[in-house]
Amino acid sequence: MRHHETPPPGARPPGIALDEAVATAGTATVVDAAMARPVMTAGVALGLLILGAAAMGISPIFVRQAEVGPFASAFWRVFSALPLLALWAMVERRGRGPRPAPGQAPVDRRVLGLAGLFFAGDLAFWHLAIVHTTIANATFFACLAPLWVALLSRVTIGEAVGRNTWIGLLICIPGAALLILQSSTGAGSLLGDGFGLATSLFFGLYFLAIRKARGGLGAGTTTLVSSLVTAVVLLPLVLWSGEGLLPASSSGAFNIAALGLLSHAGGQGLLSVALGVLSASFSSLVIFVEAVAAALFAWIFAGETPQPAQLAGGCIILIGIFLARPARATPASSQRGRDVGTGASGR
């Protein structure tokens, strides 16, 4: 199946010769702003997005067995991924070459700093929410990140939200409620629920910042720099909390390494790759897939059998994402100005 994609905000504007040639040919390729060559279809990006969601969805298993506190595990999540991300960024830079790509937009380094700051806020408020309210409430409020992305996408990065994305989002939210709140064992608190809502806001802002940064940088460099900022912000929080930084055994160290390499370098890295092709509003729906994956892994590795309502919620989420999937390609003349599932530039 062929798809139509929208380049990230700040990337090569529509209407130049290369984009016209690609659109007229009806192909599903995109010109990555950082690489200046056709690199990926929307279908491939969607597949990588789902793989990234699965990698992020298994993170609670690693956190539970990391033998360190929640803030320390959040720090190790990003810090332990830095060597692999640095290698990825180096390979990416060599592939791109020393000269900037023709038509490549200048990169505002502050966007990467904001992305790292937003992700640090996401992790910090997430752990505060877990402490002050039920895990079910904290998880549900965190899953509202796509709503923030949809509301803020046009005003922050100039990217419109397609009708199908809104439909998919409105279907996914009640599905998430069935999937997550079914496991609630008590009443939450207003403070803890507020922390959960703050988590969703910061994660939504992180999506928008990464989407913007991908207009001029490769996925490896984007993930590396933003992760470095996140680690710098989280380290003082760990020291302030009094949590021990080091795990007690080699098993804990293994789980910390898996958290960094698989859930962060793999999960967040693949998310960054997909955000070079798919809109922020559609890509943010990955958090619902992450919730489904987390429930699946909890069943496989922790023996937490899902209830019928949770299974129904997972199915509703998958239906919502299917309905919000990127639209099929149509001739360029009929696509101009149309708001499609992958998002349309509002500029």
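Residues numbered from 1 in each chain as written. Predicted model: local features only at pLDDT ≥ 70, side-chain atom pairs only at ≥ 80, totals over all residues. Heavy atoms only, no water.

Undergrad: Even after reading the chapter, I still don't get helix H8 (residues 145-157), so can you show me in this structure?
TA: Each α-helix winds once per 3.6 residues, and so residues spaced three or four apart point in a common direction. Maximum bend of H8: about 40°, positioned at leucine 151. Along H8, the residues classified as buried are Ala145, Pro146, Val149, Ala150, Ser153 and Ile157. At its buried positions, H8 is contacted by helix H7 (135-142), strand E1 (159-160), helix H9 (163-181), helix H10 (190-213), helix H13 (280-283) and helix H14 (286-302). A positive backbone phi angle near 70° is found at glycine 158, which sits one or two residues after H8. (Bend = angle between axes of the 7 residues up to and from the residue. Helix = DSSP H or I, 4+ residues; strand = E, 2+ residues; numbered from the N terminus. Buried < 20%, exposed > 50% of the residue type's maximum accessible area, 1.4 Å probe, protein only. Contact = heavy atoms within 4.5 Å.)

Undergrad: Looking at this structure, I do not really get the packing of aromatic side chains. What am I missing?
TA: Describing an aromatic ring pair means giving the distance of the ring centres and the angle of the ring planes. What the rule picks out here adds up to eleven aromatic pairs. A ring pair is formed by phenylalanine 75 and phenylalanine 79, whose centres lie 5.2 Å apart and whose planes are at 15°; its orientation type is stacked. Placement of the pair is phenylalanine 75 and phenylalanine 79 together in helix H4 (residues 70-79), with a separation of four residues, close to one helical turn. With 5.9 Å between their ring centres and 40° between their planes, phenylalanine 125 and phenylalanine 195 make a pair best called tilted. (Phe/Tyr/Trp six-rings, centres within 6.5 Å; stacked < 30°, edge-to-face > 60°.)

Undergrad: How should I be thinking about the side chain of glutamine 268 in this particular structure?
TA: With respect to the secondary-structure elements, glutamine 268 resides in helix H12 (residues 250-274). Those residues in contact with glutamine 268, other than ones at most four positions away along the chain, are Met56, Arg77, Phe119, Tyr206, Thr223 and Ser263.

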